[in-house]
Amino acid sequence: MATAVTPEAVEKVVFDALPQFGADPSDITREATFEDLDVDSLDLAELSQIIEDEFGVQLKGDDVGKIKTVGDAIDLVVSRAG
Amino acid sequence: MKREVAITGLGAVSPLGVGARTLHERWTAGQSGIQDGEGAASEFEPTEFLTKKEVRRADRFTQFALVASDEALREAGWEGEKPYPAERIGCIIGTGIGGIGTLTHNHQVLLEEGAKKVSPLAIPLMMGNAGAGAVSMRHGLRGPSYATLSACAAGAHSIGDSVRLIEHGDADAVVTGGSEAALVPLARAAFAALDALSDTGISRPFDVRRDGFVMGEGAAVLVLEDAEQARARGANILGYVRGYGASSDAYHLTAPEKDGGGAIEAMRSALADAGLQPEDIVYVNAHGTSTPLNDRAETQAIKTVLGDHAHEIPVSSTKSAIGHLLGAAGSVEAVATLLALRDRIAPPTLGHEEPEEGLDLDYVPGKARPLEIDGKRAIAMSNAFGFGGHNAVLLLEAA
């Protein structure tokens, strides 16, 4: 059973996942850009996998291409679940 | 006239430790990197050299190549700005198998957790050219870049191809070598099924008791440059690649021809390429796998090519100290050969005690000794032969 999609739940999963891609935990905020965090398209493919696993929300390549900040990613997941 | 190719940097990760000099010093001191029947690069800790992200983004075979490349470029004085335009520097890194650890791990994930759990990094990490791609990216090398994939000859083919790129003018310098990290259960089982691995777990090339090779892992990287430009920039030239010869057996997928087959042609081509005679060779770094078939066929091939001179020079096998590094072997052994030549040392074939009839060359049993070159140039032959019948031979000269 997938976890209920709330902004708080998604934020927690995303914030928890980013350090494994090398992002410094102290730099991770909703406003931080993936570029600043040195999180690239391969990392986002992994993040998409984690999100789908956790929330059952699938992110397509086009979606991922548009997001710039951590907040964008969280909002996208929440909107897709709605 | 062909452009001369200089060697200006060396790097290695091997079962004897991290570093080209570590490999050279420990081998010539008679130390073995083989434990429990395997040559693991157990002193290698990736996070000592790479960031957490770099480690995640690289299969173990690529990690070895990255670390060896850092060492080689450092020695070449290439830290910071490169001495050539980026598009004039190539990068060829060979491998026998590529990221087999990544492959088997993800296959297990597929079977146990399903297709959706397979990592998006699986392909970019396992592909055989991942090492070449990663080294090229790390150092901003934008000339020709690819992997050679010719089993246990890959690490010599990569150097040979790199020499040709420089000679032909496609590149002014090439960062080249070979890498392998195949100490995984599938590779062990598969080589064992072929009856290629030593049951005793002992690598003792040319000894009558030899019973197969011992698997090892590691990498070596060399910086090759157009010698004229290397001299012009005041580089410290360690040596030269004088000749390269490659051939195929077209005979059997895994076995050499008894009389030496295509290996003879590769050695002759290398001599012709260098414009050298058999008498010019002062040392042979043999492929010497410790398999019954290779060591007999290779001995025969060396005798056929070098004639009586074969009996007058040392012939030894690095695999006696580190095992068989498969696609890395040709490069690691080229590095070990050049450093031995520079120090005028004939490195030993460790564990060689009981000769076999017909295997009567000077294999430098057990212990290194001074390499007598009697005023000659310090030129050695380094052999690499691979499953598939691929043969690659390099002639190296110490500066």
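Residues numbered from 1 in each chain as written. Chains lettered and ligands numbered in written order. Predicted model: local features only at pLDDT ≥ 70, side-chain atom pairs only at ≥ 80, totals over all residues. Heavy atoms only, no water.

Asks: Explain the overall build of chain A to me, please; I cannot follow it from the model alone.
Replies: For chain A, the count of helices and strands is 4 helices and 0 strands. Secondary structure of chain A in N-to-C order comes out as α-α-α-α. Relative to a compact globule of 82 residues, whose C-alpha radius of gyration would be 12 Å, chain A shows 11 Å and is just as compact. Projected onto the principal axes, the alpha-carbon positions of chain A cover approximately 30 × 25 × 20 Å. When each of the 82 residues of chain A is scored for burial, the buried share is 40%. Restricting to contacts in chain A with at least 6 residues of sequence separation, those with at least 24 account for 63%. Of the roughly 4,500 Å² of accessible surface on chain A, 50% is carried by carbon and sulfur atoms. (Helix = DSSP H or I, 4+ residues; strand = E, 2+ residues; numbered from the N terminus. Rg over C-alpha atoms; globule rule 2.2 N^0.38 Å. Buried < 20%, exposed > 50% of the residue type's maximum accessible area, 1.4 Å probe, protein only. Contact = heavy atoms within 4.5 Å. Areas by Shrake-Rupley, 256 points an atom, 1.4 Å probe, with all protein chains shown as cover.)

Asks: How do you make sense of the packing of aromatic side chains when you look at a structure like this?
Replies: Aromatic ring pairs are defined here through the distance separating the ring centres and the angle between the ring planes. Residues and elements named next belong to chain B. If you walk through the whole model with that rule in mind, you get 6 aromatic pairs over all chains. With 6.0 Å between their ring centres and 10° between their planes, Phe 44 and Phe 49 make a pair best called stacked. Judged by its relative accessible area of 5%, Phe 44 is buried. Between Phe 44 and Phe 64 the ring centres are 4.9 Å apart and the planes differ by 75°, which places this aromatic pair in the edge-to-face class. Here Phe 64 lies in helix α3 (residues 60-75) and Phe 44 lies in the loop between α1 (20-28) and α2 (52-56), a separation of 20 residues in the sequence. The burial state of Phe 44 is the same as that of Phe 64; both residues are buried. An aromatic cluster is present here, built from Phe 44, Phe 49 and Phe 64 joined pairwise through their rings. One Lys or Arg, Arg 242, reaches over the ring of Tyr 240 and ends 4.2 Å from the middle of that ring. (Phe/Tyr/Trp six-rings, centres within 6.5 Å; stacked < 30°, edge-to-face > 60°. Lys NZ or Arg CZ within 6 Å of the ring centre and 35° of its normal.)

Asks: Would you mind going over α1 of chain B with me for this structure?
Replies: In an α-helix there are 3.6 residues to a turn, and that puts residues three or four apart on one side. Buried residues of α1 of chain B: Ala 20, Thr 22, Leu 23, His 24, Trp 27 and Thr 28 of chain B, and no others. Gly 30 of chain B occupies a position one or two residues after α1 of chain B and carries a positive phi of about 85°.

Asks: Help me understand the packing of helix α7 (residues 154-168) of chain B against helix α13 (residues 329-342) of chain B, please; the structure alone is not making it clear to me.
Replies: Each packed pair of helices is defined by two parameters, the angle between the axes and the distance between the axes. All names here are of chain B. Between α7 and α13, the shortest axis-to-axis distance is 5 Å and the interhelical angle comes to 70°. It follows from the interaxial angle that α7 and α13 lie roughly perpendicular. Residues Gly 155, Ala 156, Ser 158 and Ile 159 of α7 pack against Gly 330, Ser 331 and Ala 334 of α13. Of the residues that constitute the contact of α7 with α13, the class distribution is 3 nonpolar, 4 polar and no charged. (Axes fitted to C-alpha atoms, helices over the stretch in contact; angles between N-to-C directions. Parallel < 35°, antiparallel > 145°, perpendicular 65-115°, else oblique. Nonpolar A, V, L, I, M, F, W, Y, C, P; charged D, E, K, R; others polar.)

Asks: Teacher, can you tell me more about the pairing of strand β5 (residues 173-180) of chain B here?
Replies: For a regular strand, side-chain orientation follows a simple rule: the groups alternate between the two sheet faces. Residues and elements named next belong to chain B. Across the 8 residues that make up β5, a large majority, 8, are buried. Burial along β5 is two-sided: Ala 173, Val 175, Gly 177 and Ser 179 and Val 174, Thr 176, Gly 178 and Glu 180, pointing in opposite directions, are all buried. Here β5 pairs with strand β6 (residues 218-226) via 8 bridges, running antiparallel. What sits directly across from Val 174, in β6, is Leu 224. (Pairing = 2+ DSSP bridges.)

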